[in-house]
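Given next are the chains, with one letter for each unit.
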Amino acid sequence: MSLSLVLATVSGAVIGVLLTVFGGGGSVLATPLLLYVVGVRDPHVAIGTSAAAVAVNAAIGLAGQARAGAVKWPCALVFGAAGLAGALVGAHLAKQIDGGRLVLWFAVAMALVGVSMLLPRKGQGDPAVHLNAAMTVKLAPLGLLTGLAAGFFGIGGGFLIVPGLIAATGMTLAHAAASSLVSVVVFGAATSASYAASGLVDWPVFAALVAGGGLGALAGLPAARALARRADTARRIFALMVLATAAYVAWRALSGV
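## Details of helix α8 (residues 173-197)
Every α-helix winds through 3.6 residues per turn, so residues three or four apart in the chain are directed the same way.
Next up, step 1: Here α8 spans 36 Å end to end across 25 residues, near enough to the 36 Å set by a 1.5 Å rise per residue.
Next up, step 2: Just downstream of α8, G199 is the residue with a positive phi angle, here 70 degrees.

## A short note on the environment of A193
Next up, step 1: For A193, the position within the fold is in helix α8.
Next up, step 2: Taking C-alpha positions, A193 is 25 Å from P74, a pair spaced 119 residues apart along the chain.

## Here's the deal with the packing of helix α3 (residues 43-67) against α8
Next up, step 1: Following both chains from N to C, one finds α3 and α8 inclined at 150 degrees, their axes separated by 7 Å at the closest point. As judged from the angle between their axes, α3 and α8 are roughly antiparallel. The handedness of the crossing between α3 and α8 is left-handed. Between α3 and α8, the contacting residues are H44, I47, G48, A51, A52, V54, A55, A58, A59, G61, L62 and Q65 on the first element and A178, L181, V182, V184, V185, G188, A189, T191, S192 and Y195 on the second.
Next up, step 2: When grouped by side-chain class, the residues that make up the contact of α3 with α8 number 15 nonpolar, 7 polar and no charged.

## A short note on the packing of aromatic side chains
Next up, step 1: In total, this model carries 4 aromatic pairs according to the counting rule given.
Next up, step 2: Between Y36 and Y248, the aromatic rings sit 5.5 Å apart at their centres with planes inclined by 85 degrees, giving edge-to-face as the arrangement. Of this pair, Y36 sits in helix α2 (residues 30-38) while Y248 is found in helix α10 (residues 231-255), placing the two residues 212 residues apart along the sequence.
Next up, step 3: The class for Y248 is partly exposed, based on a relative accessible area of 37%.
Next up, step 4: Aromatic side chains W203 and F206 sit 5.3 Å apart centroid to centroid with 90 degrees between the ring planes, which places their arrangement in the edge-to-face category. On the criterion of helical spacing, the pair formed by W203 and F206 is a turn pair, its members being 3 residues apart in helix α9 (residues 203-226).

Calculation rules
Residues numbered from 1 in each chain as written. Predicted model: local features only at pLDDT ≥ 70, side-chain atom pairs only at ≥ 80, totals over all residues. Heavy atoms only, no water. Helix = DSSP H or I, 4+ residues; strand = E, 2+ residues; numbered from the N terminus. Expected span 1.5 Å × (residues − 1). Axes fitted to C-alpha atoms, helices over the stretch in contact; angles between N-to-C directions. Parallel < 35°, antiparallel > 145°, perpendicular 65-115°, else oblique. Left-handed = near helix turned anticlockwise from the far one by under 90°. Contact = heavy atoms within 4.5 Å. Nonpolar A, V, L, I, M, F, W, Y, C, P; charged D, E, K, R; others polar. Phe/Tyr/Trp six-rings, centres within 6.5 Å; stacked < 30°, edge-to-face > 60°. Buried < 20%, exposed > 50% of the residue type's maximum accessible area, 1.4 Å probe, protein only.

Spelled out as structure tokens, the structure:
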């Protein structure tokens, strides 16, 4: 196995641990790790490859949430279907932008993720939400815009999907987090398919990233259980980590390093 694949496996393990311990948002670190640790030179390839890995990781998480009955399927499918077109358009636009500028925009997206994780979360909501016409009218445009952002930046978009689902339907945070995985899978698959069609996915690195992610998820379980009672503190620590990484990515992009 080449050094780059070893580093991709280690990077995947790091992401898997962070996702397991701190919850959503960890996938946003995939692109910086591919660029600055694994050594992927083309930002477009890094984004396309990480989007594919995000889709697989989200699908695994979705399977578990579906078995637990936490997914509000009608709402999730409307949001995801509306966002599919947006994700394809966003990915197409991103491929037209210079790699350096795209990385700078990605740093901005990372900063938004970090800030969103610092915001207080409310657990209240309606656990018995049922899709109706009024909700559909709200869900579709929000899904379209979120898909556009997810496709453009090559991220899962969970930090936008969760509040969007809550705002449009009034469902609980737990149901929104579970239901958001449907859109993360759809957006990630659409984005990576667009990049793959342009030859911008490194499949061996993708496989190593996913394999490492599975190992990291298992390794992170003990720490996740230990931090379960301090979830808010853990998320704040992780948010600061994301913000620091965003600053580093922006510095690299601006300095041309």
